[in-house]
Amino acid sequence: MHKTKQLLLIAIVIVCSIGQLLAQSTINGKVTDSKGAPIENATVTSLSSKAKAITNKDGIFTISAVQNQSIEISSIGYKTKTVVVKGASVNIVLEAAAVNLEEVVLVGSRKGGRVKTESPVPVDVININQAGVPTAKMDLTSVLNYAAPSFNYNKQSGADGADHVDLGTLRGLGPDQTLVLINGKRRHQTAFVALFGTRGRGNSGVDLNAFPQAAVDRIEILRDGASAQYGSDAMAGVINLILKKNTNQWSINTGYSGYYDSKFNAQNFNQTNQYYAGNKLDGGTFSFSANNGVNIGKNGGFINVSVDFLNQGKTFREVGTDNWQTNSYALPSPNTGRRAFGDGSVTTVGVMYNMEIPTSASKKTTFYSFGGYNYKASDAYAYTRNWSARPDRFPVNASGALIFDPNIMKVATGNGLVDTFYNPHIQTHIKDVSLAAGLKGDAGNGWDWDLSNTIGKNDFHYFGDKTYNASSIGNISKTHFDDGGFNFLQNTLNLDFSKSFKSVAQGLNLGLGAEYRYEQYQIYKGEEASYIAYSNTLGQAAGAQGFPGFSPSDVVSANRSNVGLYVDAELNATKKWLLDGAIRFENYSDFGAVSTFKLASRYKVTSNFNLRGSISTGYRAPSLQQINFSNTLTSFSGGQLVQSRIANNNDAVTKSAGIPSLKQETSVNSSIGFSWKAAKNLTFTVDGYMVKVKDRIVLSGLFSAGDPTLPAAFTTALNAINVSTAQFFANAVNTTNYGVDIVADYTKKWGNKSFKVLLAGNIQNMTIDDIHVPTALSSTTLNKKTFFSDREEAFLKASAPNSKFTLNLDYTAGKIGIGTHITAFGTVKLMGYGAATADNPNQTGINPVVPTDANANVFVPEVFNYNSKVVTDIYASYKFCKAASIFIGADNLFNVHPDLGVNQQAKNWAGDNESGGPWDSVQMGFNGLRLFTKLVLNF
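Description of the structure in this document. In this text, all values refer to a predicted model and were calculated from it rather than measured experimentally.

## Regarding the overall build of the protein
- For the protein, the helix and strand inventory stands at ten helices and 49 strands.
- Each of the three principal axes of the protein carries a C-alpha extent, and together these read 90 × 65 × 50 Å.
- A burial count over the protein gives 59% of its 939 residues as buried.
- Residue pairs in contact within the protein that sit at least 24 positions apart in sequence constitute 71% of those at least 6 positions apart.
- Just so you have it, the protein exposes about 34,700 Å², and 58% of that area is on carbon and sulfur atoms.
- Treating the 83 positive side-chain charges of the protein as one cloud and the 71 negative ones as another, the clouds have centres 9 Å apart.

Rendered as structure tokens:
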């Protein structure tokens, strides 16, 4: 440890020395507006060396330049300025081209940029380099969960592939109802579709952790429907990631974090070897990222490159049994269903570049390109296999006796708790590659054009490890399986034109364009041993335990294309009144045509108070993943692990159940709100919204092959493939989301000190307006409720807490910085499967009730009330020199956990929730206090 400290100190001294040496040949400066306010994200270019730099939030930059030579400073909304370098520092004042800008946003507008507070729809701007440093959170999705008011995300556990991919949501809608752009170009989705977990069930989406966070300069989140502007998926809004452009400046971040949960670390309860456990400090995460760029040519071209590496360990959480009758955080018996409950481990490495090259000194035409590669290897525990409960899932000899494998199996001891068990591992190798390239320029007569092609592919490959195919009698040598997987490819070709007409009213900007998109989805089979049912007379289960591989009957290769046309206009009707409008037409090769529109307006009541509102229609095409995914897997039904079939939309099983072909989801969005700049450094925005979605695609409940009330053709088809239950994707639900977003932002700077306060909140509620049950599944009330049960309704409604508020307080004085970020999560309500009752004979979550611990004849609703919780994060920073800073701190300082996922009157039914563990994946998560330190180098 002493050597490590010495090496760290030496490294800091070296970096600071490098910074001092570089200062001898670099220029330091600050860019402000006419009122002295710093201008962030201004581009500073040395006309001699072609070096580039971007100003930070304080308007400060460092650039390599030659004395008595010129540098050029430009920023959206300001007049470009050229100054001659004289001395080691320079202060530059930019004149506003039209109005003084605070934070300029590009998303939601075909114009060059717009002041955030003067946009007709709400937009958050998040500097990820600032938001992602003073926190233990090491990935982009987790950072956004605390930085954006209506963005929600939870790491899943015990949810098969959902444990390995990170999908977030906006405004309580699905992860695939938010469009993600990079540099304004459509990002491809993951090939994964969520089947389990607490959020996004039946949905796909974009994995925001599938590219280096270091490549991102800022994130714009448009919190409004935008299908008419951008096409499918933009029902809840748009997330636009702007990549970095700076050159000749290293930005290196490295850090370590770990969870120290003194309450519920599984180590605390493992005296009789009931659980898998790690160390007192678990979930250890090391991250490293680097970013830099170089100039290309003599006309201001550049390439910026980023690399990321992250390695995160597993966490293990359980609760005790002491005083379980009175202790709300204790349960009556060990959790034998999830003896390895917690987060999976992950290793990620990624690289991304961003490039622009003007073709001539006039810069009338510019070639641009960006893209990257990301690889993620993840390992998570499946449900526990216990010999006492399911010997058919263990390797046995010809006489049916257990073959004990000491390398994988464990033996639990203790009075009445002796058992042999093992935990299969579900592993994934996820590869993500993307490439965008285009030309943009001036076509003359005021017209700008942009021609681009963007291609991306995601490959999701499953493996089973430390597990068995129990039907292979006598075999314990085969413990690792290639389970197969799936991939998704998307190629998008865009041609866009825009022109400003200054003589129309107070200015008109017209945008129009066309898009051609091609998509392909494939499922590829696993090795035979991963899915096969070997012939045996002992009734041993088929396929690799944990995640049976994809079989030849699952293999599919599907594709489609669509063509879209749009027109977008922004009219400044008067100096105070802005009108936006857009219409879009798209035609899909598989389900037909759809058209959408949007109208938005902003009115300047006073110079510092704006009213704004919008109304629009939207849509989301059914994804190829939802149409074509199929698999036979292990599911939880009737209190037991059973073989369940997820049948694709074209499967004979699906057709026999009367499930129609999937079609597009449609929506109507409306919002109204205001922005108020109450003082020079104080801004308020409040926006209410309503989103009505029709024909939402969801994953149905489990239908039993033994149910005589179901169509005979359906149950015959299930019995023919030897599965107990089946479920389907269907356009089943109409919903309405109501909510309000609130943001208050205050910044005060004086001398070398600054104080920033940010309050951001979202209050929301979802109602389920209608459930469309196919006629063939409507013969009984039981079948109608099975199609989309009360339990599934609860999951849909709980896609976001009913409220989430964050309060950030940050103070800096010279070299020292301190801060606290407080987040209040609202209530979440989920349901269990319930006991077998007249309403719920198959234990599928229909009006689920369970007997109380005190009286087995008294039943209570199996509702899990995750009450409101407040989480406090703190940090401190110290700037050793201009080139090096260190951050230390703690997330969830007071080690707050969600309430247990159980009805407190019926604790003997613990584990009947989605995760099978003490908690579901809700609110702040279940891992507790997280400590961190980070070193930030800029030189």
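Back to the text.
## What to know about the packing of aromatic side chains
- Counting across every chain of the model gives 35 aromatic pairs.
- Aromatic pair phenylalanine 547 and phenylalanine 550: ring centres 5.8 Å apart, planes at 65 degrees, arrangement edge-to-face. When sorted by exposure, phenylalanine 547 lands in the same class as phenylalanine 550, which is buried.
- Ring centres of phenylalanine 703 and phenylalanine 728 lie 6.3 Å apart, and the angle between their planes is 35 degrees; this geometry places the pair in the tilted category. A residue pair is termed long-range when its members are at least 10 positions apart, and phenylalanine 703 in strand S37 (residues 703-704) and phenylalanine 728 in the loop between strand S38 (725-727) and strand S39 (729-750) qualify at 25 residues. The exposure classification of phenylalanine 703 matches that of phenylalanine 728, with both residues buried.
- Feature note: the residues Phe192, Phe460, Tyr462, Phe486, Tyr521, Phe547, Phe550 and Phe629 constitute an aromatic cluster, connected by ring pairs.
- The lysine or arginine in question, lysine 137, covers the ring of tyrosine 146, its NZ or CZ lying 4.0 Å from the ring centre.

## Observations regarding the pattern of salt bridges
- Tallied over the full model, the rule gives 42 salt bridges.
- The partner of arginine 620 in a salt bridge is aspartate 176, with the nearest N and O atoms 3.4 Å apart. One end of the pair, arginine 620, is in strand S32 (residues 609-620); the other, aspartate 176, is in the loop between strand S12 (169-170) and strand S13 (178-182), and 444 residues separate them in sequence. Aspartate 176 carries the same exposure label as arginine 620, and that label is buried.
- Through salt bridges that share partners, Glu515, Arg517, Glu519, Arg560, Arg584, Glu586 and Asp590 make up one connected network.

## Focus on the environment of arginine 338
- Considering the arrangement of structural elements, one finds arginine 338 in the loop between strand S19 (301-312) and strand S20 (345-358).
- Through-space distance from the C-alpha of arginine 338 to that of threonine 384 is 5.3 Å; in sequence the pair is 46 residues apart.
- Leave out the neighbours within four places in its chain, and arginine 338 touches Ser157, Gly158, Glu318, Tyr381, Ala382, Tyr383, Thr384, Ser915, Gly916 and Gly917.
- Here the side chain of arginine 338 touches serine 915 through a polar contact of 2.6 Å, landing on its backbone oxygen.

## Points about unusual backbone geometry
- Positive phi is not limited to glycine here, since asparagine 323 has a value of about 50 degrees.
- Within the fold, asparagine 323 resides in the loop between S19 and S20.
- We note that lysine 363 has phi near 60 degrees; this positive angle belongs to a residue other than glycine.
- Residue classification places lysine 363 among the partly exposed positions, given a relative accessible area of 45%.

## Quick look at the sheet that holds strand S24 (residues 419-422)
- Spatial ordering of the open sheet is given by S22-S24-S23, a layout of three strands whose pairing is antiparallel. Of all the strands in the sheet, the pair left with one neighbour each is strand S22 (385-386) and strand S23 (410-412).
- Bridging between S23 and S24 involves three bridges; their strand directions are antiparallel. Residue pairing across strands places alanine 412 opposite aspartate 419, the latter belonging to S24.

## Examining the pairing of strand S28 (residues 508-524)
- The pairing of strand S27 (residues 480-501) with S28 spans 17 bridges and is antiparallel. Looking at S28, one finds that leucine 489 is bridged to glutamine 520.
- Linking two consecutive strands that pair antiparallel, namely S27 and S28, is a turn of six residues; a positive phi of about 50 degrees is found at alanine 505 within it.
- Sheet topology places S28 next to strand S29 (residues 556-572); 16 bridges connect them, and they run antiparallel. Counted as the bridge partner of glutamine 522 is serine 557 from S29.

Conventions used here
Residues numbered from 1 in each chain as written. Predicted model: local features only at pLDDT ≥ 70, side-chain atom pairs only at ≥ 80, totals over all residues. Heavy atoms only, no water. Helix = DSSP H or I, 4+ residues; strand = E, 2+ residues; numbered from the N terminus. Buried < 20%, exposed > 50% of the residue type's maximum accessible area, 1.4 Å probe, protein only. Contact = heavy atoms within 4.5 Å. Areas by Shrake-Rupley, 256 points an atom, 1.4 Å probe, with all protein chains shown as cover. Lys, Arg positive; Asp, Glu negative; His and termini not counted. Charge placed at Lys NZ, Arg CZ, Asp CG, Glu CD. Phe/Tyr/Trp six-rings, centres within 6.5 Å; stacked < 30°, edge-to-face > 60°. Lys NZ or Arg CZ within 6 Å of the ring centre and 35° of its normal. Salt bridge = Lys/Arg side-chain N within 4 Å of Asp/Glu carboxyl O. Polar contact = N/O pair within 3.5 Å; in protein donor to acceptor, adjacent residues only side chain to side chain. Pairing = 2+ DSSP bridges.

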